Amino acid sequence: MDATDPKSPEYLLNEQEVCDWLRISLATARKWRFVGRGPTFRKLDGTHLVRYRRADVQAWLDGNTFVSTTRRAEPAAA
């Protein structure tokens, strides 16, 4: 798969697509970026545009899976 395929892990999502996927508001996504929470993102050089790699969002979700309020889930076996 290449980066132009929406199913590719390398595909770049815009802010609204990530917000829709995570079911959060745009304000929440922007606050998370400001305070250093949430998935890693890219700022396109010389612009205000923010993009997220699909794989980075999925990795962030996978790393924030809990089995209780205090215990993270074990990583899935590869």
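Residues numbered from 1 in each chain as written. Predicted model: local features only at pLDDT ≥ 70, side-chain atom pairs only at ≥ 80, totals over all residues. Heavy atoms only, no water.

Caption draft 1: Up close: the overall build of the chain. When its secondary structure is counted, the chain shows three helices and three strands. When the elements of the chain are put in sequence order from the N terminus, they spell out β-α-α-β-β-α. Taken across its 78 residues, the chain has 23% of its residues classed as buried. About 5900 Å² of surface is accessible on the chain, with carbon and sulfur atoms providing 54% of the total. Charge centroids of the chain, computed over 13 positive and 10 negative side chains, lie 8 Å from each other. (Helix = DSSP H or I, 4+ residues; strand = E, 2+ residues; numbered from the N terminus. Buried < 20%, exposed > 50% of the residue type's maximum accessible area, 1.4 Å probe, protein only. Areas by Shrake-Rupley, 256 points an atom, 1.4 Å probe, with all protein chains shown as cover. Lys, Arg positive; Asp, Glu negative; His and termini not counted. Charge placed at Lys NZ, Arg CZ, Asp CG, Glu CD.)

Caption draft 2: Highlighting the nonpolar core. Tyr 11, Leu 13, Val 18, Cys 19, Leu 22, Ala 29, Trp 32, Val 50, Tyr 52, Val 57 and Trp 60 form the largest nonpolar core, which has eleven residues in total. Those elements giving two or more residues to this core turn out to be α1 (15-22), α2 (26-35), β3 (50-53) and α3 (54-63). Among the elements that line this core, the one with the most residues is α1, at three residues. (Core = buried A, V, L, I, M, F, W, Y, C linked by side-chain atoms within 4.5 Å.)

Caption draft 3: Fine view of the confidence of the model for the chain. Per-chain confidence: the chain averages 89 in pLDDT, with 95% of residues scoring 70 or above. Mean pLDDT values over the elements of the chain span from 92, in strand β2 (residues 42-43), up to 97, in α1. (pLDDT = per-residue confidence, 0-100.)

Caption draft 4: Focus on empty space enclosed by the protein. Enumeration according to the criterion identifies one cavity of 30 Å³ or more in this entry. Taken as a whole, the largest cavity encloses approximately 40 Å³ of empty space. The wall of the largest cavity is formed by Val 18, Leu 22, Ile 24, Ala 29, Trp 32, Arg 33, Arg 37, Gly 38, Pro 39 and Tyr 52. For the lining of the largest cavity, the elements supplying multiple residues, two or more each, are α1 and α2. (1 Å grid on protein atoms, 1.4 Å probe; cavity = no way out; pocket = protein on both sides within 12 Å on 5 of 7 lines; lining within 4 Å. Points joined across faces, edges and corners; volume = space filled by probe spheres on them.)

Caption draft 5: Spatial organisation of the environment of Arg 53. Mapped onto the fold, Arg 53 is located in strand β3. Residue classification places Arg 53 among the buried residues on the basis of a relative accessible area of 17%. Put simply, Arg 53 and Arg 42 are eleven residues apart on the chain and 8.1 Å apart in space, counted from C-alpha to C-alpha. Excluding anything up to four places from it in sequence, Arg 53 contacts Pro 9, Glu 10, Tyr 11, Leu 12 and Arg 42. Polar side-chain contacts of Arg 53 include one of 2.9 Å to the side chain of Glu 10. (Contact = heavy atoms within 4.5 Å. Polar contact = N/O pair within 3.5 Å; in protein donor to acceptor, adjacent residues only side chain to side chain.)

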